[in-house]
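# Notes for the structure review
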Amino acid sequence: MTHTVENTADNSLTLEIEIPVADFQKAMEKAFNKHRKEFNIPGFRKGKATKEVVFSRYGEEIFYEEALEECVPQAYEALLEKEEIEPFSEPKFNLEHCSLKEGAKLTAELALKPEVKISDYMGIEAYRPDIKVEESDVEEALEQKREQLMRQTLITDKAVEDGDKVNLDYAGFVDDEQFPGGSAENQELVIGSGSFIPGFEEQMIGMETGEERELKVKFPDDYGHPDLAGKDAIFKVKLNGVIKEELPELDDDFVMDIDEECETLEEYRAKLRGELEKQVENNAKRVFQSEVLRKLTEQAEVTLPELAVESQVDKLMQEEERAIKNYGIELPNYLQMIGKTLEEHRADKRVQAINTILSTLVLDKIAELEKLELTEEDYDEEFKRLAGEYNAEEAKLRLSLDNPDGREALRPGMLRMKMMDKLIEAAKPSAEKPAYLEEDETAEDEADEE
């Protein structure tokens, strides 16, 4: 293997790698042997055709991808070790050529860890929310608990009125064809809530239990499903009844039904207040830590390699795609649900990626400047924390992690957490809320109202 190293802008490198003919032929031989039994060529028993015959019939390029997967990572890792390069991103390979006669030639673009300059990092002043629980907060939480135990009764002798909650079955049709996703049974709906297509809820007013109606509606022009947008539709609806909701009385009996530790309403109120205060305290700590870190990253001098940013964006996108697939949702459908294009969504992820990279770099640099080290007590606490987080026995967890390789894998994250604790301890709380948080809260309130 031969190579050259070319320095490029913004802390990046381009490596030029050449795979010798002999090495590439060996990788091709391995790929062929792995798949030779799959080939059924006239004149040969299945799996007995020589590679020359297979190559002449299908082309040698059918094995290029596997051969490259076999030899390129080894060549890349050997090059990193020889040149003492520590990559800060996944490599981006670009193939120039490959063949049995010439071997392979490719380039690998990768980012290097950028230098960070930072000072005056201890004693940062940052916003910390007030830890305050109002009596109205306690009553609101109590009402939410009450609503969780709401009793629902289906009334069958009442006609539907505006504001009623009803139970219905329905099926939707466009051009006499029932469309996917347009039917349901025992669906609950509040008349007048605007949850359904315009005109649907209004036409249900006056319906009696067991009555069936055909509701004529039109899908909005900007409806989320293009196949239905702007089209006339008919919904065949059957009313199963009007739902009557009854809240339980707020008394000692209610408390004993929902909490084994409390016997009276006042005891439960006090317990709720304690839980709310704990939530507010945790939120204040989270916001304070986020603000301290934000201010540190703002004052740090660092140039992020574009390759590192894009690599992190790809990682975040892949993680999200795996997560939504667990719910049976494909990425295009998810983007349609949130009303964003792929480019817009990647732009959002880019902001997150930059913040993640900056936070990591800044904490690593400060830990280096502070000459921070980990103790045995730190590792003991981390093993206990991980055991609790993953609901595992600490002894079993230690068997896999309490070794040189395991400790080395844990070390960077532990150093960052320890450094963050020291920065928080030294930071100064401020009551002045940053403008962007005010804007975020205003946007959230407007979204809730909408």
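Scope of this entry: the structure provided in the associated data block. As the structure is a prediction and not an experimental result, all values here were calculated from the model.

Basis of the calculations
Residues numbered from 1 in each chain as written. Predicted model: local features only at pLDDT ≥ 70, side-chain atom pairs only at ≥ 80, totals over all residues. Heavy atoms only, no water. Phe/Tyr/Trp six-rings, centres within 6.5 Å; stacked < 30°, edge-to-face > 60°. Buried < 20%, exposed > 50% of the residue type's maximum accessible area, 1.4 Å probe, protein only. 1 Å grid on protein atoms, 1.4 Å probe; cavity = no way out; pocket = protein on both sides within 12 Å on 5 of 7 lines; lining within 4 Å. Points joined across faces, edges and corners; volume = space filled by probe spheres on them. Helix = DSSP H or I, 4+ residues; strand = E, 2+ residues; numbered from the N terminus. Nonpolar A, V, L, I, M, F, W, Y, C, P; charged D, E, K, R; others polar. Disulfide = S-S within 2.5 Å. Polar contact = N/O pair within 3.5 Å; in protein donor to acceptor, adjacent residues only side chain to side chain. Contact = heavy atoms within 4.5 Å. Expected span 1.5 Å × (residues − 1). Arc of directions from axis to C-beta.

For the rest of this paragraph, the subject is the packing of aromatic side chains. Going through the model one piece at a time under the given rule, you end up with 17 aromatic pairs. Seen in terms of ring centroids, F55 and F63 are 5.8 Å apart; in terms of plane orientation they differ by 55°. Their pairing is tilted. Note on F55: relative accessible area 12%, which makes it buried. Grouping aromatic residues by their ring pairs yields a cluster made of Y170, F179, F196, F200, F219, Y223 and F235.

All right, on to the layout of surface pockets then. Estimates place the volume of the largest pocket at around 720 Å³. Around the largest pocket, the lining comprises 21 residues; the ones closest to its centre are F88, S89, E90, S311 and Q312. For the lining of the largest pocket, the secondary-structure elements that each account for two or more residues are α7 (306–325) and α9 (342–369). For the lining of the largest pocket, the leading source of residues is α7, giving 8 residues. The residue inventory of the lining of the largest pocket, partitioned by class, reads 6 nonpolar, 6 polar and 9 charged.

Inspection of every chain in the model, using the stated rule, returns 0 disulfides. C98 provides the cysteine sulfur closest to C71, a residue in no disulfide bond, and the two sulfurs are 8.7 Å apart.

Along the chain, the position of S359 falls in helix α9. For S359, a relative accessible area of 17% corresponds to the buried category. Among the polar contacts made by the side chain of S359, one reaches the main-chain carbonyl oxygen of N355 at a distance of 2.8 Å. The residues contacting S359, other than those within four sequence positions of it, are L293 and T297.

Even without glycine at this site, D175 takes up a positive phi of about 55°. Following the sequence through the fold, D175 ends up in the loop between β7 (165–174) and β8 (177–190). Of note in this structure, K371 is not a glycine but carries a positive phi near 55°. When you line up the elements, K371 lands in the loop between α9 and α10 (376–389).

Attention now moves to α10. Three or four residues apart is the spacing at which side chains of an α-helix point the same way, because the helix has 3.6 residues per turn. If you check α10, its first and last C-alpha atoms are 20 Å apart, about what 14 residues at 1.5 Å a residue would give, namely 20 Å. Buried residues of α10: D378, Y379, E382, F383, L386 and A387, and no others. In a view along the axis of α10, the buried residues occupy a sector of 165°, so they form one face of it. Facing away from the buried surface of α10 by more than 90 degrees, the exposed residues are E377, K384 and G388. On its buried face, α10 sits against α11 (394–401) and α12 (404–426). One or two steps after α10, the chain reaches N391, where phi turns positive at roughly 50°.

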